[in-house]
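Observations on chain architecture
The residues making up each chain are set out below.
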Amino acid sequence: MSTIIAGRFQLQDDVDRARDALVDAGFDADRISGFYLSQPGQHDMTPIGGDHLQSPGAKEAPEGVVKGVATGGAVGVAVGAATSPVTGPLGPIVGGLVGGHVGSLFSFSKMKDRGEPEEGGENAVPPRTAGMLVAVAFDDPDLQARAVDLLRQLGAHHIERAQGNIVGGDWADFDPSSRPDVIA
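Here goes a summary of the coordinates provided. (Residues numbered from 1 in each chain as written. Predicted model: local features only at pLDDT ≥ 70, side-chain atom pairs only at ≥ 80, totals over all residues. Heavy atoms only, no water.)

**Regarding the pairing of strand 4 (residues 157-164)**
Look at any regular strand and the pattern is simple: side chains alternate between the two faces of the sheet. Where strand 1 (residues 2-9) lies against strand 4, 6 bridges are found, and the strand directions are antiparallel. When the bridges of strand 4 are listed, I4 appears paired with A162. (Pairing = 2+ DSSP bridges. Helix = DSSP H or I, 4+ residues; strand = E, 2+ residues; numbered from the N terminus.)

**Details of a nonpolar patch on the surface**
A grouping of L90, I93, V94, L97, V98 and V102 is seen on the molecular surface, where their side chains present a nonpolar patch of about 580 Å² in accessible area. If you trace the backbone, L97 turns up in helix 4 (residues 91-104). (Patch = residues over 30% accessible without salt bridge, like charges linked within 9 Å, V, L, I, M, F, W, Y side chains within 5 Å. Areas by Shrake-Rupley, 256 points an atom, 1.4 Å probe, with all protein chains shown as cover. Salt bridge = Lys/Arg side-chain N within 4 Å of Asp/Glu carboxyl O.)

**Re the packing of aromatic side chains**
Counted according to the given criterion, the structure contains 4 aromatic pairs. Residues F35 and W171 carry aromatic rings whose centres are separated by 6.3 Å and whose planes lie at 75° to one another, so their mutual orientation is edge-to-face. Remark: W171 occurs in strand 6 (residues 170-171) and F35 occurs in strand 2 (residues 32-37); sequence separation between them is 136 residues. The exposure classification of F35 matches that of W171, with both residues buried. Ring pairs connect the aromatic residues F35, W171 and F174, which therefore count as one cluster. (Phe/Tyr/Trp six-rings, centres within 6.5 Å; stacked < 30°, edge-to-face > 60°. Buried < 20%, exposed > 50% of the residue type's maximum accessible area, 1.4 Å probe, protein only.)

**Remarks on the nonpolar core**
One finds I5, F9, L22, F27, V134, V136 and L151 to be the most contacted residues of the largest nonpolar core, which totals 18 residues. Counting only elements with at least two residues in this core, the list comes to strand 1, helix 1 (12-24), strand 3 (131-138) and helix 5 (143-153). Not counting chain neighbours up to four residues away, the residues in contact with F9 comprise D14, V15, A18, M132, V134, L151, L154, G155 and A156. Ranked by size, the runner-up nonpolar core spans 11 residues in total, among them F35, A162, W171 and F174. (Core = buried A, V, L, I, M, F, W, Y, C linked by side-chain atoms within 4.5 Å. Contact = heavy atoms within 4.5 Å.)

**Concerning the side chain of S2**
By the secondary structure assignment, S2 is in strand 1. One polar contact links S2 to D139, side chain to side chain, over a distance of 2.6 Å. Ignoring sequence-local partners within four residues, the contact set of S2 consists of R31, A137, F138, D139, A162, Q163, G164 and N165. (Polar contact = N/O pair within 3.5 Å; in protein donor to acceptor, adjacent residues only side chain to side chain.)

**Overview of a negative patch on the surface**
A grouping of D13, D16, D20 and D24 is seen on the molecular surface, where their side chains present a negatively charged patch. Take D20: it is sitting in helix 1. (Lys, Arg positive; Asp, Glu negative; His and termini not counted. Charge placed at Lys NZ, Arg CZ, Asp CG, Glu CD.)

**Overview of the side chain of R31**
Position of R31 relative to the elements: it lies in the loop between helix 1 and strand 2. In this structure the side chain of R31 is engaged in a polar contact, spanning 3.3 Å, whose partner is the side chain of D139. Leaving out residues up to four positions away in the same chain, R31 has contacts with S2, A135, V136, A137, F138, D139 and I166.

**Remarks on helix 4**
Taking 1.5 Å per residue as the helical rise, helix 4 with its 14 residues ought to reach 20 Å, and the 20 Å between its terminal C-alpha atoms agrees with that figure. Of the positions making up helix 4, those classed as buried are G91, G95, G96, G99, G100, G103 and S104. (Expected span 1.5 Å × (residues − 1).)

**As for the pattern of salt bridges**
Applying the stated criterion across every chain, the model contains 4 salt bridges. Taking the shortest distance from any N to any O, the salt bridge between D139 and R31 comes out at 3.3 Å. Of this pair, D139 sits in the loop between strand 3 and helix 5 while R31 sits in the loop between helix 1 and strand 2, placing them 108 residues apart in sequence. Linking D149 and R152 is a salt bridge whose minimum nitrogen-to-oxygen distance equals 3.9 Å. Highlighted residues: D149 and R152, both in helix 5, separated by 3 residues, approximately one helical turn. A residue is classified by how much of its surface remains accessible, and D149, at 39% relative accessible area, is partly exposed.

**A short note on helix 1**
Compared with an ideal rise of 1.5 Å per residue, which puts 13 residues at 18 Å, helix 1 spans 18 Å between its outermost C-alpha atoms and is within 8% of the ideal. Those residues of helix 1 lying buried are D14, V15, A18, A21 and L22. On an axial view of helix 1, the arc spanned by its buried residues comes to 130°, and they lie on one face. For helix 1, exposure combined with an orientation more than 90 degrees from the buried face picks out D13 and D24. (Arc of directions from axis to C-beta.)

This is the structure we're talking about:
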């Protein structure tokens, strides 16, 4: 794995200019990657699309649904059984179904509210925003300052450092949902 320095640019022309400037500064053209990073949540990282199979803020929701359905269903069956002289033999069944449905709403109480701190810290670092990225890989640690300075001079913002592989102009192991190590 190599050290990778990446910076965000606004325009495709800026990306082209940065690629040319990095090559002129002695960086290997095959180890420079320029690409568009789509919005968080739209990276198609899972079989059903998106970045995660489950929202980090809803990690306890399945447990809440199970508890809610079980409790609500039991209460509904009891109420249905108690009212069976009026509702007939379907009272406990309907009561259980309605109670289970209402109980499933308990899962909402297990989700994170806006502004509430995240227990595991999944959302502590803001995700990468969409935009054009130029990344350059190198193995010599002395080149890091040169790459950062050059990207800054070219107008890059949100400059970050990563470990990975750029081969043939493609950042092969880039994970768009990983937390960036922001330099500037």
